[in-house]
Amino acid sequence: MEWLILFILLQWRIVALQNKQALMCCWVFTLFFFAYCLFWNQALQQRRIDHRVDVVQNRLILNPDEYQIDGDLLKISGSWVEGRQKVQAYYRIDTKKEKESLKKIATVKTLIVTGKAAAIQAPTNENQFDYRNFMLSKKVVNTIQISKLEVSSVRPNLGLAARIFAATHSLRKQILNHFAKMPAPLSGYSQILLLGYYAQNFSQQIEQINKLGLLHLFSLSGMHVFYLLGATRFVLGYMHVTRETCDDVILLLLPFYAILGGLSSSLVRAVMMAWLTILSNKFWNNTLNGIDAEAIVLLLHLFYSPALVLSMGAQLSYLLTFVLMTGKRMSKFKLGLKMNGYSLPLILWHTFRWNILTIGIAILIVPLFEWVIIPSVLIGVLMPHLTFLCNKILFLITKGIEITAALPLNIVFGKPPLICVLFWIGLMFALEIATNKKVIYLMGLTSYLLIGGMIKFPLHDEIVFLDIGQGDCTLIKRRFNSEVTLIDTGGKVTFQTQPWQKRHGKENGETVVANYLLSKGVSRVDWLFLTHQDTDHVGNFPVVTKLIKVEKILVPSGMEKRSSFKKRLMLSANNNDDVIPVSTKKIRQVGQFKILHPFEEGQGSNEDSITVTAAVNGVNVIISGDLDKNGELKICKKHPDLRADILKTGHHGSKTSTATEYVKQLRPQLAIISAGKNNRYGHPNDETLATLKRGRIMCLTTAEVGMIKLISNGAHKFRIETGNTLKAR
């Protein structure tokens, strides 16, 4: 339903003119377009591979600008010849020599691959980034995990059109390589603005811009197209080329530039709008204005790929371009306020945060972007003798953004319901024609405060077992978020030892743990329990603390002395004063939690795992890290009256935990097992599952159902929601 956000653009002019017949036609088209979306989606879904299938010696056609290398990971977007579709493929590079060889690919190649193909999976945690929808906008529904890869020496057999496209991709790769050699940050700005390519070394700048709520800058990056058109006209005019011939040249070059720029949504919009306007002026005496051109381009874009509108970039690109065109006569101050009003609902929907400085910066940034950033990029790229000066200007701007983004002025709002996003955008449209604007301002302010309050102060307690892969992460929130506790953070165990293998992608501590907390309006965690030292339980804790304020960190007594923990603590936003060593000899109660284990100081190993129990609105839960059976039996002996409604099984369902006697004494209604899908350890173990089955205990595994959320309904009663049933809110 997100496509409605953009479809409003098609109706606005008709509503403003109060043309009832045209408005009715527009709504009829809405129904037709909805039916088309269903048909388009069904056609793509028929290509999905529901079960993993073996791919043996198949061919992938790879364009040189459609692969990325991150450490020892090769990511490919290529055409699968045997599967007759485009796929996303991944390959773990074996050696440094192989990595250097792959980096040199500069022309279209045929890759001979062996591996397993499967459908791209939907997100398994609430409000997690939907990578499946993102790839759907690119008409990709399957992925191949490559186990063996060979670059064929035989050139692929391509038709004339395909050869032209291949030559364009090769040229794009050469230009990208040229831009990459330029000094930073000019290299990053030139790649993203001129060719729509996000370089890995520019990700930090993108994140800082994101914190300031200014991502729409790059959604409007097509503005540079009009500078290029002006420069082209000037050069051709200087060469005494007639205006008509100049238009003919531009009409031929614009589609080529769109392909060269990677066909990003903002670039396609800008190029097609300029192309249609010039074409209309040439043949129909300029009967097509900017808004009409945008509406036509939007329609064409939607019919090509309806899922495109699921991306934040496309939403902001079309919406804010519309705002700019309707606000040409407005002052920069009013235009900045207007753009902020339109973009805020979408920014909250996608990022859950808003910076206090955004309004002021939004007023200043558009002219800065238009008159400083874009010209600096173009001049720095086209005039080598001015590259140093332009790079210095961009460096100062980037430094200013960095300093501003570091200020503690971000407000964590949470993710509003989609209906509210549409309502707020509708209010902005209503302001265009309303006579009594005070009422609309009041409605907007009241609704923002009301929805923000509902998100940040929920009326119920909840226990959430996040699907963190092969690891553990449990969130327990009291109503009104009065006490927020995180037990472990998850983390990926890696065996990489050489620098060339190190990857720079985001950790799931950011994409899953912190993302979920922010989406629920949580900016502070009162207690962070790190049950023991294993990476799959604590590896993400440094990155989580950088995004979410953590008041106190509790570790099993003795673990605070380990060098591995000290290194992680140094990388985090916390210090030694925030760390509390835990054992039942020293501390027996922390907030709502009763400490059951460890009994004495240890090394932070599995046997020393912190075990806690708590009553969450009448529902008793027990969580024990990777504690073994011997430790479980000791807890039973020391607490013979211990009971639990929810048992978080130890060690991911391994046979080393979940003793029969332990289960019999606790008598839980539900057992939760946190384990990764198709993990190498065989978790959960059949022995553990048999123990739970004999006790007639319902069991849920994150590997099968994704995130598990339990909402208390009173004493020993709770409602279960899982990643398979939760809808993004």
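Structure first, text after, so check above.
Residues numbered from 1 in each chain as written. Predicted model: local features only at pLDDT ≥ 70, side-chain atom pairs only at ≥ 80, totals over all residues. Heavy atoms only, no water.

(A) A look at a positive patch on the surface. A cluster of basic side chains, namely Lys585, Arg588, Lys594 and Lys638, defines a positive patch on the protein surface. Secondary-structure assignment places Lys594 in strand 16 (residues 593–597). (Patch = residues over 30% accessible without salt bridge, like charges linked within 9 Å, V, L, I, M, F, W, Y side chains within 5 Å. Areas by Shrake-Rupley, 256 points an atom, 1.4 Å probe, with all protein chains shown as cover. Salt bridge = Lys/Arg side-chain N within 4 Å of Asp/Glu carboxyl O. Lys, Arg positive; Asp, Glu negative; His and termini not counted. Charge placed at Lys NZ, Arg CZ, Asp CG, Glu CD. Helix = DSSP H or I, 4+ residues; strand = E, 2+ residues; numbered from the N terminus.)

(B) Molecular detail of the pairing of strand 5 (residues 109–119). Extensive coverage of strand 5 is indicated by the burial of 9 of its 11 residues. Sheet topology places strand 1 (residues 53–62) next to strand 5; 8 bridges connect them, and they run antiparallel. Opposite Asp54, over in strand 5, you have Lys116 as the bridge partner. Where strand 5 lies against strand 6 (residues 142–151), 9 bridges are found, and the strand directions are antiparallel. (Buried < 20%, exposed > 50% of the residue type's maximum accessible area, 1.4 Å probe, protein only. Pairing = 2+ DSSP bridges.)

(C) Fine view of the packing of helix 13 (residues 312–326) against helix 14 (residues 332–351). As a packed pair, helix 13 and helix 14 sit with axes 10 Å apart at the nearest point and diverge in direction by 165°. Our classification of the angle between helix 13 and helix 14 gives roughly antiparallel. For the pair helix 13 and helix 14, the sense of crossing is right-handed. Along its contact with helix 13, which presents Met312, Gln315, Leu316, Leu319, Leu320, Val323, Leu324 and Thr326, the element helix 14 presents Leu335, Lys338, Met339, Tyr342, Ser343, Leu346, Ile347, His350 and Thr351. Across the contact of helix 13 with helix 14, the residue classes tally to 11 nonpolar, 5 polar and 1 charged. (Axes fitted to C-alpha atoms, helices over the stretch in contact; angles between N-to-C directions. Parallel < 35°, antiparallel > 145°, perpendicular 65-115°, else oblique. Left-handed = near helix turned anticlockwise from the far one by under 90°. Contact = heavy atoms within 4.5 Å. Nonpolar A, V, L, I, M, F, W, Y, C, P; charged D, E, K, R; others polar.)

(D) Examining the layout of surface pockets more closely. Of the pockets and cavities examined, the second largest pocket occupies roughly 1000 Å³. For the second largest pocket, the lining is made up of 30 residues, of which Leu337, Gly341, Met428, Tyr441 and Tyr448 are closest to its centre. Taken together, the elements giving at least two residues each to the lining of the second largest pocket come down to helix 14, strand 8 (410–412), helix 17 (418–433) and helix 18 (437–456). Looking at the lining of the second largest pocket, the element that brings in the most residues is helix 18, giving 10 residues. By residue class, the composition of the lining of the second largest pocket is 20 nonpolar, 5 polar and 5 charged. (1 Å grid on protein atoms, 1.4 Å probe; cavity = no way out; pocket = protein on both sides within 12 Å on 5 of 7 lines; lining within 4 Å. Points joined across faces, edges and corners; volume = space filled by probe spheres on them.)

(E) Representation of the sheet that holds strand 19 (residues 646–648) in the model. Taking strand neighbours across the sheet as the criterion, the 7 strands line up as 15-16-17-18-19-20-21 in an open arrangement whose pairing is mixed. Of all strands in the sheet, those with a lone pairing partner are strand 15 (589–590) and strand 21 (698–701), marking the two edges. Bridge analysis of strand 15 against strand 16 gives 2 bridges, and the strand direction is antiparallel. By the bridge assignment for strand 16, Gln589 is matched with Lys594.

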